[in-house]
Amino acid sequence: MNFRPLHDRVLVKRTDAEEKTVSGIIIPDTAKEKPMEGEVMAVGSGIRNESGSITPLDVKAGDRVLFGKWSGTEIRVDGQDYLVMKESDIMGIIQKKAA
């Protein structure tokens, strides 16, 4: 991929929506909501503070994150849909459970 976000922006790929409910009912495409969870694909260099130094972002490529329903701008790169959003639009990083 030839896309690198600038400053405090993050490139996120949405996770696929659930195909069926816990009870086994299949959800049609027209009834699915866009997921508010995704994987960070690329991050910018960070934000510049008052002293001029760059503060790196808390998220990194590969992190699974939770974001707001209307966060980010949808873009298409190499035929794939992504979201570009500021790091402040991300609510948190989803930690993997220990085995």
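Everything numeric in this text was worked out from a predicted model, so none of it was measured. (Residues numbered from 1 in each chain as written. Predicted model: local features only at pLDDT ≥ 70, side-chain atom pairs only at ≥ 80, totals over all residues. Heavy atoms only, no water.)

Participant: Residues and numbers for the pattern of salt bridges, please.
Facilitator: Counted by the stated rule, this structure contains five salt bridges. A salt bridge links Lys60 to Asp63; the shortest N-O distance between them is 3.2 Å. Lys60 gets classed as exposed once you look at its relative accessible area, which sits at 53%. Taking relative accessible area as the criterion, Asp63 reaches 10% and is therefore assigned buried. Arg76 is the salt-bridge partner of Asp81, the closest N and O atoms lying 3.1 Å from each other. With relative accessibility at 45%, the residue Asp81 sits in the partly exposed group. Arg76 sits in the exposed class, given a relative accessible area of 58%. (Salt bridge = Lys/Arg side-chain N within 4 Å of Asp/Glu carboxyl O. Buried < 20%, exposed > 50% of the residue type's maximum accessible area, 1.4 Å probe, protein only.)

Participant: How would you summarise the pairing of strand β5 (residues 64-67) if you had to cite specific residues and measurements?
Facilitator: Each regular strand displays side chains that alternate between the two surfaces of the sheet. Here β5 shows one buried face, formed by Val65 and Phe67, and one open face, formed by Arg64 and Leu66. The pairing of strand β2 (residues 37-43) with β5 spans three bridges and is classified as antiparallel. Each residue of the ladder has a partner; that of Gly38, found in β5, is Val65. The sheet contact formed by β5 and strand β8 (residues 90-94) spans four bridges and is antiparallel. Of the residues in β8, the one forming a bridge with Val65 is Ile93. (Helix = DSSP H or I, 4+ residues; strand = E, 2+ residues; numbered from the N terminus. Pairing = 2+ DSSP bridges.)

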